[in-house]
Structure formats: structure tokens, C-alpha cells
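Each chain is listed here by its residues.
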Amino acid sequence: MNADIIIINGKCLTMRGEETAEYVVIRDKYILEVGDGNGWEKYRDSAILLDAEGNTVLPGFIDSNMHVTKTATNAAGLNLSKMKNFEEIGNLIQEVAKEHPGEPIWGYSLQCEILDEKRYPDRYILDKYCNNAPVSLYSTDYQVSVLNTYGMLHYKIPFSQEGVEMNEKDVPTGVFRRQSNAILYDNIVRTIPDERRDAAMEKIMNRLLANGITTIVATEGENMCGSLKEDAEGDYIYKYGSKYPIDLELFYQTLDIEKVKRMGLSRIGGELYIDGTIGAKTAALTFNYRDDDTNGIICISQEVLNKFVLGCYKNQLQCALFAIGDRAIEAAIIAHENAAKEYGVSNLRHVIEHAELITKEQMKRVARLGILLSMQPAYEAYWGEAGGMYEDRLGEKYKETNQFREIIDSGIVICGGSDGDVTEPNPLLGIHYAVNHPIKHHSVSIIEALKMFTIHGAYGIFQESEKGTLEKDKLADVVILDGDICNMDKRKIKDMKIIATIKAGELLHDRL
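For every chain, the first residue of the written sequence is number 1, and numbering continues from 1 along that sequence. Where local features are concerned, this predicted model is filtered to residues with pLDDT of at least 70; where side-chain atom pairs are given and counted, the filter is 80 or more; whole-chain, interface and lining totals use all residues. The side-chain numbers reported here are obtained from all heavy atoms of the structure, hydrogens and water having been left aside.

### Quick look at the sheet that holds strand β11 (residues 135–139)
DSSP bridges decide pairing: two strands pair if at least two such bridges lie between them. What counts as a helix is a DSSP run of H or I of at least four residues, what counts as a strand is a run of E of at least two, and both are numbered from the N terminus. On the basis of which strands lie adjacent, the open sheet formed by 6 strands has the order β9-β10-β11-β12-β14-β13 and mixed pairing. In this open sheet, the two edge strands, each paired with only one partner strand, are β9 (78–79) and β13 (164–166). Alignment of strand β12 (residues 144–147) against strand β14 (residues 172–177), held across 3 bridges, turns out to be antiparallel. Each bridged residue has a counterpart across the sheet, and for S145 the counterpart in β14 is F176. Of the strands in this sheet, β10 (105–110), β11, β12, β13 and β14 touch helix α5 (residues 178–189), which is tilted by about 90° from β14. Whether two residues are in contact is decided by their heavy atoms: any pair within 4.5 Å suffices. For helices, the axis comes from a line fit to the C-alpha atoms of the stretch in contact; other axes are also lines fit to C-alpha atoms, and the angle between any two N-to-C directions lies between 0 and 180 degrees.

### Focus: the packing of helix α10 (residues 326–343) against helix α11 (residues 360–369)
Running from N to C, α10 and α11 point in directions that differ by 30°, and their axes come no closer than 11 Å. Overall, the two elements α10 and α11 adopt an arrangement that is roughly parallel. Where α10 crosses over α11, the handedness of that crossing is left-handed. Contacts between α10 and α11 pair D326, I329, E330, I333, I334, H336, E337 and A340 from the former with E361, Q362, R365, V366 and L369 from the latter. Class assignment of the residues belonging to the contact of α10 with α11 gives a composition of 6 nonpolar, 2 polar and 5 charged. For classification purposes, angles smaller than 35 degrees are called roughly parallel, those larger than 145 roughly antiparallel, those between 65 and 115 roughly perpendicular, and all remaining angles oblique. Handedness of a crossing follows from how the near helix is turned relative to the far one, being left-handed for an anticlockwise turn of less than a right angle and right-handed for a clockwise one. Amino acids are sorted into nonpolar (Ala, Val, Leu, Ile, Met, Phe, Trp, Tyr, Cys and Pro), charged (Asp, Glu, Lys and Arg) and polar (every other residue, Gly among them).

### Quick notes on the nonpolar core
In summary, soluble globular proteins display a tendency toward joint burial of nonpolar side chains. Put simply, a nonpolar core is a bunch of buried Ala, Val, Leu, Ile, Met, Phe, Trp, Tyr and Cys residues held in one set by side-chain atoms that sit within 4.5 Å of each other. Buried means the residue's accessible area, taken with a 1.4 Å probe over protein chains only, is under 20% of the maximum for its type, while exposed means over 50%, and partly exposed covers the values in between. Counting residues in hydrophobic clusters, the biggest one holds 80 residues, and the most contacted among them are F61, L450 and I485. Broken down by element, the residue count for this core peaks at 8 residues, all from α10. Grouped together as the second largest cluster of nonpolar side chains are 31 residues, Y155, V164, L285 and L357 included.

### Thoughts on the pattern of salt bridges
The rule for a salt bridge is simple: a side-chain nitrogen of Lys or Arg has to be within 4 Å of a carboxyl oxygen of Asp or Glu. Considering all chains together, one arrives at 31 salt bridges under this definition. We note a salt bridge from E249 to R267, for which the minimum N-O separation is 3.4 Å. Of this pair, E249 sits in strand β16 (residues 247–250) while R267 sits in strand β17 (residues 267–273); the two residues are 18 residues apart in sequence, bridging distant segments of the chain. With respect to burial, E249 and R267 carry one shared label: buried. Ionic pairing is found between E464 and R349, a salt bridge with its closest N-O pair at 3.0 Å. Of this pair, E464 sits in the loop between α17 (455–459) and β22 (478–481) while R349 sits in the loop between α10 and β19 (351–354); the two residues are 115 residues apart in sequence, bridging distant segments of the chain. Classification of R349 by relative accessible area gives buried; the value is 14%.

Okay, structure coming up:
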């Protein structure tokens, strides 16, 4: 029997416990054999032979939380993460405005904490650099947007909504938060034509494959306090997601259970906000933020949440709820406990997204309910170090963020994601910070971290029988790293590269 691709001399981590192998044989879209020694030679004939040279071979990575359409369209926008002041931002905007006169300008990863001015630029600042085309800039967590005057008029800003910043003359400054920001985001997203999204999606696929990603759980939308019935970005994935080389598994963001049933989907929610983010001080906490007399917001009432989750249990829909602060996580747990009283503990593998500040008592209840946590270890790279955003916002409580070790020990399955493009959609970055958590006792082993982005990701979407491990008859989603991840300085995991990515038996990224 001939093979299409044979990987030899690998340190193959099958993700079946601690099991390893030396070769993987691929035929058509599937794994034909995994083994040790020279057993692969009988398949050699016309197969492509990939010599892994002792490097790690793994199942393809699964990113369990990515805003994939946003990540794609932003790749063509302005990355503001390195900007130091308003002038640098303005010069970048001015340069783009000259190159593409009249076209909308979109910027992302704006961080006022690292700007010299320690605040967001307002529309008067942006107007100095561009006043004849719409400019919209977003904070890293998408909880704050800043528009120039042209953009405010172009995108039909809901001035009557909560979160519109006003100056001393009661005139909008161009900075939008909370409900106004959510509605504004919806307005902007709806202006993006499918042709532009498709071009952006096609362009980003190579970048994602180069990061070893073969499956994405698409959690589209940014609907904090916004519409909870429609998801323009989710609609795009629903209609066109199957055309791309990476598997896109959609959680459709809505509270409308009947709509999801009509669409024939089995998943609902994803980025369905119960609260906001720590950076924007809108994550719902049981204590006040260190630098402000507030403890965040709740976006969905307990009554509405209970009814929604009960409907998910009744209709056998897997639901995912966005909850970052311990107060929001509590609301999610209460809703599930309420539903479980009527329908029993669900086997639908419901998900809480992010769960950055889950308490130990809440872990026990989540484990009993069989709820999964979809978490983003790379948050610790961005915000978790001493002196970082977590400490600025939470004080000593920053030491309680993303407690991976304790969560796993509680019996909870963690699915790893990037929240792309809040963090770089690079599973190795997430694996690195799960292993090298700034608070050491929250760290996990390399194998445990790898499982978050392989077999646990597959389990989270009911595909563990198809992918997530290297074994016979599984889909041939395989990556080869440029080193032996189990026998290297673990502090260098984030610097590793993917030297080959195989998706459904096809070699789509190759640096061998």
C-alpha cells in the first residue's frame, strides 16, 4: 500500500498520555500508521519523505478562541501596539491617508497605558492628521474605540447610548466605551463587504498555517452591551467558512436560540459577554479595582442568562459564555446550576470563555457541572508580569489570574486559544506562558500545555475521535516544530518555529 507523506526520525508526541513514536504515515487525508523503527519503509514507494531530524511532531494545533474575520481584516490595518505617543499614531495615519486617499482607516491594539500622554487621543487630535476619511482606532481588548470627526459622521454614532465620552461643553470627544462602543463596532463591521473579508481571509491563512494552526473555533463578534441577535462576522463564517484550508468551527453569537436551530448549528454564544475586560475595568469583580471605585459591569441580567442557558439545555445546544471576573463567572455558574436542576448535568461540554479570575470554590462547581474553560495563556505575556496591566488594575489580586495548575487539578478541561487578535494567534506563545506562568505555582507541564491546544481543543468541539492525537485513522493534521520541546530550555518555547504544517494530508507549510 502506497503512502502520500511519511514523517520519519521524529519525536512524535501522540497526545495519547505520554505515548511517543518515531514515524507517521499519511495516506489521503488520514493517518495510516504511527510507529517506531523502520515499519514505515513498506509504504515508501512514491511517498513524500519528511525527515524530522529528531524534532517534535504533534497533532495540528487547535485555537479554541479566535475572532478570525477580525484577525484577518486587522492584518490590513494599522498595528498600534508599539506606538509611544499621539504624534507617532498621527504620522502613521497621515502616511496611510496619503497612500489611500478617501479610504477608511482602521487601527488596532491601541494601548493608552504605554502612551506618553496616558490617555486615548480624541477626535480633535485625529482630525489634525486626517479629516477627509473615516478613522477608527480600537484598544487591544476592543472595549474602547476612538474616531475622528469624519468617522463619527460616517458610521452613525449612537450618541444617546451609554459610554459616549463628553468634554466640558457636553460635546462628544470621539472616544466610545461600553454600549456605544459595541453598537459602533457593529455599525463598522456591517460596512465591510464580503469581498474585502474574503481577500483578508485568504491572505491570513498562510500566516496561521505557519503558526501550526489547523482548526479554529471561531468566536466572532464583539458584542458587549450591543445587539445580541445578529452577528455579521459569524454570518460570514457560516456562509463561507468551509472554503478555507483551516477548519473553522463556529460559535454563533446570539441569544436567539430559534435562529441558531434554523441555521442547523449545534453551538451558540462564544463571545457572549456577561461582563467586560480587566483592561477596561468592566470585568465584573467581587471587589473594587485598585485604581478606581468600581467593580465592573454585568451585561446580561441573571434572569435573562438563566432563561438562555435553560433553553440551551432543553434544545441540546452547546453554549459558550464570556465571563472574565469572578462575579460574572458566578452568574454563569448559577445559570448552569439552575438548568442542571431541571435537565440534569449536561454532556454538551458547555464552555466559559476566558475565566481569568475564577475562584477555587467556583472551580469545584464548574468541574461538577462538566463545564470546560476556554482560556488564553498568552494573556500572561501581555499583562501578567509584575508591574503589568493586571497588577495595575487588580493590585495583589493579579497573582490570582489564569490559575492553570489549580484548574487542571480541579478536574476541569482547559481548551487553549489566542483570542486573536487580542494576542498573536500563535499556539506556541500560549503553550510557553502556560508552562512559564509569571506566578510559578500556576504553571503546568509541557504535555499539559500541549493538550490544551490539541486533544482538549478537539474535545471542546466533540471532534476527539477525528483529530487532536496522532493515531491511525485520525485526520492527518500534523505539525513539526524546529526542536525537541520536551528536552529544551522551557524558557525558549515561545521562540520555536513551525517547520511543517500538514492539513488533512496536504503539506501546506514547509520550511524543511
